[in-house]
Amino acid sequence: MDAVITLCGSAAAEECPYWAGAPVRAHWGVEDPAAPAPEDWARAFETAYTQLETRANAFIALPFEDMSQDDLQAALNKIGEDHA
């Protein structure tokens, strides 16, 4: 495993479980779309989906084979910050 990315909006301050090896860890907080009132779910789920899709596309576009762990860490952090 090369990377572990947490998504829960409240997980940033939580302790991550142990992962075998030494994966890069990043947090891309996304608010729980089921937390708002039911009448706001459609908008909340669309927002969460758009955030995740944008971040996933940026992630898969990375040149993994040419990146050090430090480069990957920096890139994952930037994706989380730029696409909040």
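For the structure, check the block above.
Treat the numbers as computed from the prediction; the structure is a model and nothing was measured. (Residues numbered from 1 in each chain as written. Predicted model: local features only at pLDDT ≥ 70, side-chain atom pairs only at ≥ 80, totals over all residues. Heavy atoms only, no water.)

J.: I'm lost on the packing of helix H1 (residues 41–60) against helix H2 (residues 69–82) in this one. Help?
T.: Two measures define how a pair of helices packs: the angle their axes make with one another and the distance between the axes. H2 packs onto H1 with a crossing angle of 155° between their chain directions and a minimal axis gap of 10 Å. Here H2 runs roughly antiparallel to H1, going by the angle between their axes. Pair H1 / H2 crosses with right-handed handedness. Touching Arg-55, Ala-58 and Phe-59 of H1 are Leu-76, Ile-79 and Gly-80, all from H2. Residue classes in the contact of H1 with H2 are distributed as 4 nonpolar, 1 polar and 1 charged. (Axes fitted to C-alpha atoms, helices over the stretch in contact; angles between N-to-C directions. Helix = DSSP H or I, 4+ residues; strand = E, 2+ residues; numbered from the N terminus. Parallel < 35°, antiparallel > 145°, perpendicular 65-115°, else oblique. Left-handed = near helix turned anticlockwise from the far one by under 90°. Contact = heavy atoms within 4.5 Å. Nonpolar A, V, L, I, M, F, W, Y, C, P; charged D, E, K, R; others polar.)

J.: Got a minute to help me understand H1 in this structure?
T.: Helical periodicity: at 3.6 residues per turn, an α-helix aligns residues three or four positions apart in one direction. If you check H1, its first and last C-alpha atoms are 28 Å apart, about what 20 residues at 1.5 Å a residue would give, namely 28 Å. Restricting attention to buried positions, one finds in H1 the residues Ala-44, Ala-48, Gln-51 and Arg-55. For H1, the angular spread of buried residues about the axis comes to 65°, placing them on one side. For H1, the exposed residues set more than 90 degrees away from the buried face come down to Ala-42, Arg-43, Glu-46, Tyr-49 and Ile-60. Taken together, the buried residues of H1 touch strand E2 (24–30) and H2. (Expected span 1.5 Å × (residues − 1). Buried < 20%, exposed > 50% of the residue type's maximum accessible area, 1.4 Å probe, protein only. Arc of directions from axis to C-beta.)

J.: How should the packing of aromatic side chains be read in this particular structure?
T.: Remark: the centre distance and the inter-plane angle together describe each pair of aromatic rings, the angle taken between the planes. For the structure on display, the rule yields 2 aromatic pairs. Ring centres 6.2 Å apart and planes at 75° place the aromatic pair Trp-28 and Phe-59 in the edge-to-face group. Residue Trp-28 is located in strand E2, and its partner Phe-59 is located in helix H1; the two are separated by 31 residues in the primary sequence. Ring-pair connections join several aromatic residues into one group, and the members of that group are Trp-28, Phe-59 and Phe-64. (Phe/Tyr/Trp six-rings, centres within 6.5 Å; stacked < 30°, edge-to-face > 60°.)

J.: Whenever I open this one, the environment of Ile-60 confuses me. Can you help?
T.: Secondary-structure assignment places Ile-60 in helix H1. Under the relative-accessibility criterion, Ile-60 is labelled exposed at 61%. When the C-alpha atoms of Ile-60 and Thr-47 are compared, they prove to be 20 Å apart, with 13 residues separating the residues in sequence.

J.: Please clarify how the pattern of salt bridges should be interpreted in this entry.
T.: A side chain with one charge can pair with a side chain of the opposite charge if their charged atoms come near. Counted by the stated rule, this structure contains 2 salt bridges. The residue Asp-40 makes a salt bridge to Arg-43 at a minimum N-O spacing of 3.2 Å. In this structure Asp-40 comes out as partly exposed when scored by relative accessible area, which is 28%. For Arg-43, a relative accessible area of 59% gives the class exposed. Asp-82 is paired through a salt bridge with Lys-78; the nearest N and O atoms lie 2.6 Å apart. In this pair, Asp-82 and Lys-78 both sit in helix H2, 4 residues apart, roughly one turn of the helix. (Salt bridge = Lys/Arg side-chain N within 4 Å of Asp/Glu carboxyl O.)

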